[in-house]
Amino acid sequence: MKITIIGAGYVGLVTATCFSEMGNIVYGLDIEDDKIESLKKGIIPIYEPGLEELLLKNQSKGDLIFTNNLKEGLDNSNICFIAVGTPTGQDGSANLQYVLTAAKDIGQLIDHDLIVVNKSTVPVGTADKVKATILKELEQKNLKLNIEVVSNPEFLKEGSAVEDFMRPDRVIIGSSNETVIETLKELYSPFTTNHERFITMDVRSAEMTKYAANAMLATRISFMNEIANICEKVGADINNVRMGIGSDKRIGYNFLYAGCGYGGSCFPKDVKALIKTAANHGYDANILKEVETVNNQQKLSLIGKVINKFGENLSGFTFGIWGLSFKPETDDMREAPSVVTINKLCELGAKVQVYDPQAMEVAKKYYFKDNKQVKYAENKYDALDKTHALLLLTEWKEFRSPDFDEIRKRMINKIIFDGRNQYNKEILREIGFEYHQIGNGYEGS
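Conventions and cut-offs
Residues numbered from 1 in each chain as written. Predicted model: local features only at pLDDT ≥ 70, side-chain atom pairs only at ≥ 80, totals over all residues. Heavy atoms only, no water. Helix = DSSP H or I, 4+ residues; strand = E, 2+ residues; numbered from the N terminus. Rg over C-alpha atoms; globule rule 2.2 N^0.38 Å. Buried < 20%, exposed > 50% of the residue type's maximum accessible area, 1.4 Å probe, protein only. Areas by Shrake-Rupley, 256 points an atom, 1.4 Å probe, with all protein chains shown as cover. Contact = heavy atoms within 4.5 Å. Pairing = 2+ DSSP bridges. Right-handed = clockwise from strand over helix to strand, strands pointing away. Expected span 1.5 Å × (residues − 1). Core = buried A, V, L, I, M, F, W, Y, C linked by side-chain atoms within 4.5 Å. Salt bridge = Lys/Arg side-chain N within 4 Å of Asp/Glu carboxyl O. Arc of directions from axis to C-beta. Polar contact = N/O pair within 3.5 Å; in protein donor to acceptor, adjacent residues only side chain to side chain. Axes fitted to C-alpha atoms, helices over the stretch in contact; angles between N-to-C directions. Phe/Tyr/Trp six-rings, centres within 6.5 Å; stacked < 30°, edge-to-face > 60°. Lys NZ or Arg CZ within 6 Å of the ring centre and 35° of its normal.

Caption draft 1: Inspection of the overall build of the protein at higher detail. A count of helical and extended segments in the protein gives 17 helices and 14 strands. A compact globule built from 445 residues would reach a C-alpha radius of gyration of about 22 Å, and the protein, at 24 Å, matches this within 12%. C-alpha atoms of the protein, sized along the principal axes, occupy 75 × 45 × 40 Å. Counting only residues that meet the buried cut, the protein has 53% of its 445 residues in that class. When the accessible surface of the protein is split by element, carbon and sulfur atoms take 48% of a total near 20300 Å².

Caption draft 2: Looking closely at the environment of Tyr98. Summarising the element assignment, Tyr98 is placed in helix H5 (residues 97–109). For the pair formed by Tyr98 and Thr86, sequence separation is 12 residues and the distance between their alpha carbons is 7.0 Å. When sequence neighbours within four positions are dropped, the list of residues in contact with Tyr98 reads Val84, Gly85 and Pro87.

Caption draft 3: Focus on the pairing of strand E12 (residues 389–392). By the alternation rule, side chains of E12 split into Ala389 and Leu391 and Leu390 and Leu392, which are all buried. Inspection of the sheet shows strand E9 (residues 318–322) paired to E12 by four bridges, in the parallel sense. If you follow Ile321 over to E12, its bridge partner there is Leu391. Here E12 runs beside strand E13 (residues 415–418); their pairing, made up of three bridges, is parallel. Its bridge partner being in E13, Leu391 is matched across the sheet by Phe417. Read as a crossover between parallel neighbours, the route from E12 over helix H16 (residues 404–410) to E13 is right-handed.

Caption draft 4: View of helix H1 (residues 10–21). Taking 1.5 Å of rise per residue, 12 residues should cover 16 Å, and H1 covers 17 Å from first to last C-alpha, within 8% of that figure. Considered for burial, the residues of H1 that qualify are Tyr10, Val11, Gly12, Leu13, Val14, Thr15, Ala16, Thr17, Cys18, Phe19 and Ser20. Trailing H1 by a residue or two, Gly23 shows a phi angle of about 95°, which is positive.

Caption draft 5: Molecular detail of the nonpolar core. Counting residues in hydrophobic clusters, the biggest one holds 56 residues, and the most contacted among them are Phe319, Leu324 and Leu345. If we ignore the near neighbours within four places in the chain, the residues touching Phe319 are Val306, Phe310, Leu314, Leu345, Ala350, Lys351, Val352, Gln353, Thr387, Ala389 and Leu391. In terms of nonpolar packing, the next biggest core, distinct from the first, is built from 39 residues, Cys18, Phe66, Val180 and Leu184 among them.

Caption draft 6: The arrangement of the pattern of salt bridges in detail. For the structure on display, the rule yields 29 salt bridges. Glu154 is the partner of Lys210 in a salt bridge, and the nearest nitrogen-oxygen pair spans 3.2 Å. Taken together, the positions of Lys210 in helix H9 (residues 203–234) and Glu154 in the loop between strand E6 (147–151) and helix H7 (161–166) put the pair 56 residues apart, joining distant regions of the chain. Through salt bridges with shared partners, one network takes in Asp382, Asp385, Glu406 and Arg410.

Caption draft 7: Seen up close, unusual backbone geometry. A positive phi is found at Asn142, a non-glycine position, where the angle reads about 55°. Structurally, Asn142 is set in the loop between helix H6 (126–140) and E6. For Glu329, which is not a glycine, the phi torsion comes out positive at approximately 65°. With respect to the helices and strands, Glu329 occurs in the loop between E9 and helix H14 (337–347). Look at Glu329 and you get partly exposed, because its relative accessible area is 25%.

Caption draft 8: How the structure looks around the environment of Leu100. Along the chain, Leu100 falls in helix H5. Sequence separation between Leu100 and Glu163 is 63 residues; the distance between their C-alpha atoms is 30 Å. Other than its neighbours up to four places away in sequence, Leu100 contacts Lys129, Val130 and Thr133.

Caption draft 9: Helix H10 (residues 238–246), seen in detail. Within H10, burial applies to Ile238, Arg242 and Gly246. Burial along H10 is one-sided: seen end-on, the buried residues are contained in an arc of 65°. Relative to its buried face, H10 has exposed residues pointing more than 90 degrees away, namely Asn240 and Gly244. Its side-chain oxygen placed 2.9 Å from the backbone nitrogen of Asn239, Asp237 serves as the N-cap of H10.

Caption draft 10: A look at the side chain of Asn421. On the secondary structure map, Asn421 appears in the loop between E13 and helix H17 (425–430). A polar side-chain atom of Asn421 sits 2.8 Å from the main-chain carbonyl oxygen of Ile438. Beyond its immediate sequence surroundings of up to four residues, Asn421 is in contact with Ile238, Asn239, Ala258, Tyr435, Gln437 and Ile438.

Caption draft 11: Layout of the sheet that holds strand E10 (residues 351–355). Spatial strand order, E11-E10-E9-E12-E13-E14: six strands in an open sheet with parallel pairing. In this open sheet, the two edge strands, each paired with only one partner strand, are strand E11 (374–376) and strand E14 (434–437). Strand-to-strand twist in this sheet, taken as the mean axis angle between neighbours without regard to direction, amounts to 20°. Most of the contacts of helix H13 (residues 301–310) go to E13, to which it runs at about 155°, and overall it touches E9, E12, E13 and E14. The strands touched by H14 are E9, E10, E11 and E12; relative to E10, the strand with the most contacts, the crossing angle is about 155°.

Caption draft 12: Inspection of the packing of aromatic side chains at higher detail. Within this structure, the stated rule accounts for 19 aromatic pairs. Relative to Phe191, the ring of Phe165 lies with its centre 5.2 Å away and its plane at 90°, an arrangement referred to as edge-to-face. Linking Phe165 in helix H7 with Phe191 in the loop between helix H8 (178–188) and strand E8 (198–201), this pair joins segments that are 26 residues apart in sequence. The exposure class of Phe165 is buried, given its relative accessible area of 6%. Here Phe191 falls in the buried class, since its relative accessible area comes to 2%. Look at Tyr188 and Phe191: their rings are 6.2 Å apart centre to centre, the planes differ by 65°, and that puts the pair in the edge-to-face class. The ring of Phe155 carries Arg170 above its face, with NZ or CZ at 3.7 Å from the centroid. Looking at Lys364, its charged tip hangs above the ring of Tyr376, at a distance of 5.2 Å from the centre.

Now the structure itself:
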């Protein structure tokens, strides 16, 4: 098939690359000319395992074409995906500016029947707005075309997005048009050999499913962080509690890890948007509001432990930071706990030495550009030179089994504040470290 994908961001790039890998001709569009020119040269703006290799391969074969000419893409396509950003508005709602601009552009340029697929995460009812926008442009041209707007939410996890697309848990299509459903089933057939993975429903339910899924996962995280905080008060160990409740098949182990809060481009934005959607329809989403509140508080959880140890005036103290991205295997720092933690440490007068396997350039360019209290280390051990404590904020694999003798040599104090509960407290106690976890406030010497 021939496909156009509007938006060469995270979702758009992964979608375009994976469809082209299956032999489709895919046109990748973006309004940022510099981004398109870079992509034409094989320069990818994001880090995602496996993406660069597939993108370059299919680009060289001619199956993946990057352009800023939407008409070129539409003239050669019968399916157009909208995969643009929906940032959070000032009132917490999803900003549909880029989605509706894409719809307007489609209406102005299209001259044949078209299936338009909303891949962006959008509030319930957006498909109707997209279709109305396109039809309005067609009416101004006195042109009658069959335009079908479909919801096809993405369920990609940063760090494993290519794998998620190639082997999806499910593909959801929101449409009542059987012809359109069959067309998209054919498009997705290489990825869904098990047909139980292909789920069809009405458009609004499909739009809602994406928000519900992310809200559920965010809720599990905030719930476990709430339980972890109670564990600290009563003397329990959240890691033992997790094993105990996770063994219940009705609960399971996924997303039951306590830590310093969730971040990224999806959970914070989507929880806010769902709260706003509910409010717009006269419903007060109390659970979701508390999910958000707990998460915002949790991002400061390690700061509270640092203050308890060193006091509120951190002038003269230097802290090593391991991990900047909101999760491993990505360079995405949007809403990351590291941003809140580092800014607060600096506000209290501290200096920080940071290391992350992928997010260092992002941190320098967008988050701590003019902050002279932030120093960037070449490796994880250099980040610990003459530091008073280590704060672990992202659970990258290279942090799982470090050389604790090397850590001991580099640091002034043998103190670790672990925001991801990566280490065994008993082992660290035996080798002389003072170790602070989320949900288990142990101190040893």
